[in-house]
Amino acid sequence: MGEGSMTQPPLNRRPSWRLAPPDDARTQGVVVSGFSDLPWAEALFLYAKDSGAAWINALRAAAPITNAAGKEKEARAAALAFTCTGLASVGLPYEVLETFSPQFREGMYQEDRLRRLGDKIDGEWQSTVIRGGPIWSGNVPIEQPATATPSTPVTVHALLLLYDKDQADAQRWAAEVGQTLAPLGVTIVRQLSLDLRLDKRIGREHFGFADGLSQPIPFGPSVVLSDGRPSERDPWHGVPLGEILLGHENAHSEKAPGPFIPTDEKARADLLPEGAPEGFLNLGLNGSYMVARELRQYVASFWQSLRTGAERIRAHDPNAAHVTAEWLAERVIGRNVDGHLLCPSGFPAAQDGLPQNDFGFMRDDRYGHGCPLGSHVRRANPRDGLAKDAASAQTLLDASNNHRILRRGRKFGGPVDDRYRDDQQERGLLFMCLNSDIARQFEFVQQTWILNRNFATLFDETDPLVGPKGPFTVREQPLRRIVEVETFVQSAGGEYFFLPSIPALDYLGRL
Ligand code: HEM
């Protein structure tokens, strides 16, 4: 997923957004780009207990972290983010850690966060988590290091993403970085090979659907278009830059709050005071929070289950010849395999050579006769679809846009030969997204829309793609079809990360 999963830019594609100087050179490149021209990547999960901060500069020498100022020139790219326990391990003082957001400090494995994410409820891991619980996280919240026991077997302090044109080169680079870090006491505790291999010029996730299509489009004084024009607010997907980058104005017309350090720390790096309380420097400015979740996908289970569901419907209804596994799968996602929106009147025309993304649901598909109310895309971004009438459609669209996330995930695991056969291969999506307010953006999407059992007018069902086993309603006129879907996606680990700006990385390296 991520900007540019649909690579091979078609003619007349509209310009993408960029950052203006000086913010571009101060921001990690992964903020403005999914690096779709670098189809291979290695995700290295690092553990750095008691290793100090010296490893950060050694790592940056072996894997220079790409900034947002000129990614076209890059033959390869890298991004680096830290968990809260990772920042503690490099020596960031407790008083500074306290200035990060509560969600980041608590981490994904705090009980309340686990409940919101639907991972663990009343002490029980849910079916959307692999058996025995997740393998990795940042572990022990920094607030209670003395008493808390590690919640996952593997502790992750940092996530390094290495992007390359060629798989062998990406893996060689990862091995070199590992050799650089080992003498400094930093180990690679988990590694996932990621890719964006194309199929018929389209980036697809493992179930076979076009992915990475719909993204928020930031605007604001620090944003320009790739053709040099100033950015304007996109009517459908426009979000203030501060929804993605800390220290910039967000949807609440305030500077997105981030961590800060006392001004007398200035000597250590080129950090700025903008957006920090008086007497402090803004450690968060041009940084972001990155959510990462290793989501396993069960491809054979997905297709077999939908085939069985379709057969059952056809057996009971002579008018259901059109209900096939593919038909149901498209409705689970809410788009067809090539990414075109399902509309009652057929697919909308392409936009700039890509599937149409400038649409609301209120006008053309209010009741979900095309794109089901509970489909993944409608839950993940309801747009104006939750409005009670046409008059409130704009208000609801604006409200939905207060919960957008910038997706940067990629799939791991080999290609699927026969989607109905379980080949026992581990594969899935390393879901990654950027946002400045984890609770209002990522957690809200997951809790209030994706896992909401009463979403829209539905009763007792959740997202049919990423939720637990249960019913999924597809409205057709005059019928309403209900199909039982299995659990197709399970989390194997995850954490909230801080993606520092380039000056913040300099500061951390000098601790
Ligand atoms: C293995 C798990 C997942 C798969 C296979 C998957 C797949 C997809 C696909 C095929 C699309 C439609 C194409 C596009 O707009 O990119 C999509 C859209 C989207 N997904 Fe997922 N997804 C997964 C998990 C998640 C999770 C966990 C979240 C958030 C909590 C999420 C949030 C979104 C959002 C925000 C959109 C865009 C909706 C829009 O703006 O229209 N996805 N996903």
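Scroll up for the structure.
Conventions we followed
Residues numbered from 1 in each chain as written. Predicted model: local features only at pLDDT ≥ 70, side-chain atom pairs only at ≥ 80, totals over all residues. Heavy atoms only, no water. Helix = DSSP H or I, 4+ residues; strand = E, 2+ residues; numbered from the N terminus. Buried < 20%, exposed > 50% of the residue type's maximum accessible area, 1.4 Å probe, protein only. Contact = heavy atoms within 4.5 Å. Pairing = 2+ DSSP bridges. Core = buried A, V, L, I, M, F, W, Y, C linked by side-chain atoms within 4.5 Å. Domains from an automatic or database assignment. Near = heavy atom within 4 Å. Polar contact = N/O pair within 3.5 Å; in protein donor to acceptor, adjacent residues only side chain to side chain. Nonpolar A, V, L, I, M, F, W, Y, C, P; charged D, E, K, R; others polar.

Details of the side chain of glutamate 243
Then, number 1: Looking at where glutamate 243 falls in the secondary structure, it is placed in the loop between strand S14 (238–240) and strand S15 (260–262).
Then, number 2: With relative accessibility at 1%, the residue glutamate 243 sits in the buried group.
Then, number 3: Ignoring any residue separated from it by four or fewer positions in sequence, one finds glutamate 243 in contact with Glu249, Asn250, Ala251, Asn401, Asn402, Asn435, Ser436, Arg440 and Gln441.

Details of the pairing of strand S2 (residues 40–47)
Then, number 1: Of all eight residues in S2, seven are buried, a share of seventy percent or more.
Then, number 2: Alignment of S2 against strand S8 (residues 158–164), held across seven bridges, turns out to be antiparallel. Paired with tryptophan 40 across the strands is aspartate 164, a residue of S8.

Some words on the nonpolar core
Then, number 1: Core analysis: the largest hydrophobic core is formed by 78 residues, its most contacted members being Trp55, Phe100 and Phe302.
Then, number 2: For this core, the two domains that each supply at least three residues are domain 1 (17–293 + 494–509) and domain 2 (298–403 + 419–432 + 441–493).
Then, number 3: Beyond its immediate chain neighbours, meaning those up to four positions away, phenylalanine 100 contacts Leu87, Leu92, Arg105, Pro259, Leu283, Tyr289 and Phe498.
Then, number 4: Residues Ala68, Trp136, Phe412 and Leu499 belong to the second largest nonpolar core, which totals 35 residues.

Points about the site of the ligand
Then, number 1: What surrounds the ligand is a group of 26 residues, the closest being Gly212, Leu213, Ser214, His376 and Arg383.
Then, number 2: In the model, an oxygen atom of the ligand is placed 2.6 Å from a nitrogen or oxygen of the serine 214 side chain.
Then, number 3: Of the residues forming the shell around the ligand, the biggest block, four residues, is contributed by helix H13 (residues 439–450).
Then, number 4: Along the lines of polarity and charge, the residues of the shell around the ligand split into 15 nonpolar, six polar and five charged.
Then, number 5: A domain-level breakdown of the shell around the ligand finds at least three residues from each of domain 1 (17–293 + 494–509) and domain 2 (298–403 + 419–432 + 441–493).

With respect to the environment of glutamate 249
Then, number 1: Locating glutamate 249 in the fold gives a position in the loop between S14 and S15.
Then, number 2: Classification of glutamate 249 by relative accessible area gives partly exposed; the value is 47%.
Then, number 3: Excluding its chain neighbours within four sequence positions, the residues that come into contact with glutamate 249 are Pro240, Leu241, Gly242, Glu243, Glu254 and Lys255.

What to know about the pairing of strand S17 (residues 288–297)
Then, number 1: Along S17, 10 of the 10 residues are buried, which leaves the element largely enclosed by surrounding structure.
Then, number 2: What you see with S17 is no split at all: Ser288, Met290, Ala292, Glu294 and Arg296 on one side and Tyr289, Val291, Arg293, Leu295 and Gln297 on the other are buried throughout.
Then, number 3: The sheet contact formed by S17 and strand S23 (residues 489–499) spans 10 bridges and is antiparallel. Following the sheet pairing, methionine 290 is matched in S23 by phenylalanine 497.
Then, number 4: Two elements, S17 and strand S20 (residues 428–435), share eight bridges in a ladder whose sense is antiparallel. Following the sheet pairing, leucine 295 is matched in S20 by leucine 429.

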